[in-house]
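Listed below are the residues making up each chain.
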Amino acid sequence: LEEFQTKPNLNFGDLGIRVGYLRKNGDYVLGTDEAGVFILSDAGEIIKKLSKEEGLQSNSIRGVFSDKHNNLWVSNKKGIDMVDLKKRHTPLLNRL
């Protein structure tokens, strides 16, 4: 096994990675306990960070999945969000 270096160098151990997903294009999607979602290139560069600041319902991520239309689905503590990575974040379902 090789250590995966990120740019900038982040300590993901401190962020509490809960889930990981490898997208068809080779990007990595990491969901954390309290810091939202990070999308990384295969070279370890942070492409995008998604959190409550960007419109997620919660930073406590439970699952991630990419559909055939290249949308990213994020389940979190408060519901499910659909993210069109070409557009701004769109909430899909709010938990009551």
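These numbers were taken from a predicted model, which means no experiment stands behind them.

Undergrad: Mind showing me how you'd approach the confidence of the model for the protein chain here?
TA: In this model, the protein chain carries a mean pLDDT of 83, and residues with pLDDT of at least 70 account for 78%. Within the protein chain, the lowest mean pLDDT, 52, falls on strand S8 (residues 89-94), and the highest, 95, falls on strand S5 (residues 61-66).

Undergrad: Would you explain the pairing of strand S7 (residues 79-84) in this entry?
TA: Each regular strand displays side chains that alternate between the two surfaces of the sheet. Here S7 lies mainly inside the structure; five of its six residues are buried. As judged from the six bridges shared by strand S6 (residues 71-76) and S7, these two strands associate in the antiparallel manner. Considered in S7, the bridge of Val74 is made with Asp81. Hairpin connection between S6 and S7: a loop of two residues separates the two successive antiparallel strands.

Undergrad: It is not clear to me how the pairing of strand S1 (residues 17-22) should be interpreted in this structure. Could you clarify?
TA: Two elements, S1 and strand S2 (residues 28-32), share five bridges in a ladder whose sense is antiparallel. Of the residues in S2, the one forming a bridge with Val19 is Gly31. Remark: five residues form the turn of the hairpin made by S1 and S2, two consecutive strands paired antiparallel; Gly26 in that turn has positive phi of roughly 95°.

Undergrad: Quick question: what am I supposed to make of a positive patch on the surface here?
TA: A contiguous patch of positive charge, built from Lys52, Arg62, Lys77 and Lys78, is present on the exposed surface. Relative to the helices and strands, Lys52 is located in the loop between strand S4 (46-50) and S5.

Undergrad: What should I look at first to understand the sheet that holds S1 in this one?
TA: Note on sheets: strands pair through backbone hydrogen bonds, and any given pair is parallel or antiparallel. One open sheet holds the four strands; their spatial order is S1-S2-S3-S4, and the pairing between them is antiparallel. Two strands bound the open sheet, and with one partner strand each, they are S1 and S4. Averaged over all pairs of adjacent strands, the angle between strand axes in this sheet comes to 15°, irrespective of strand direction.

Undergrad: Explanation requested: the side chain of Gln57 in the structure shown.
TA: Topologically, Gln57 is positioned in the loop between S4 and S5. Judged by its relative accessible area of 13%, Gln57 falls in the buried class. Among the polar contacts listed, one links the side chain of Gln57 to the backbone oxygen of Ile80, at a separation of 3.2 Å. Of note is the side chain of Gln57, whose polar atom sits 2.9 Å from the side chain of Asp81.

Definitions and limits used
- Residues numbered from 1 in each chain as written.
- Predicted model: local features only at pLDDT ≥ 70, side-chain atom pairs only at ≥ 80, totals over all residues.
- Heavy atoms only, no water.
- pLDDT = per-residue confidence, 0-100.
- Helix = DSSP H or I, 4+ residues; strand = E, 2+ residues; numbered from the N terminus.
- Buried < 20%, exposed > 50% of the residue type's maximum accessible area, 1.4 Å probe, protein only.
- Pairing = 2+ DSSP bridges.
- Patch = residues over 30% accessible without salt bridge, like charges linked within 9 Å, V, L, I, M, F, W, Y side chains within 5 Å.
- Areas by Shrake-Rupley, 256 points an atom, 1.4 Å probe, with all protein chains shown as cover.
- Salt bridge = Lys/Arg side-chain N within 4 Å of Asp/Glu carboxyl O.
- Lys, Arg positive; Asp, Glu negative; His and termini not counted.
- Charge placed at Lys NZ, Arg CZ, Asp CG, Glu CD.
- Axes fitted to C-alpha atoms, helices over the stretch in contact; angles between N-to-C directions.
- Polar contact = N/O pair within 3.5 Å; in protein donor to acceptor, adjacent residues only side chain to side chain.

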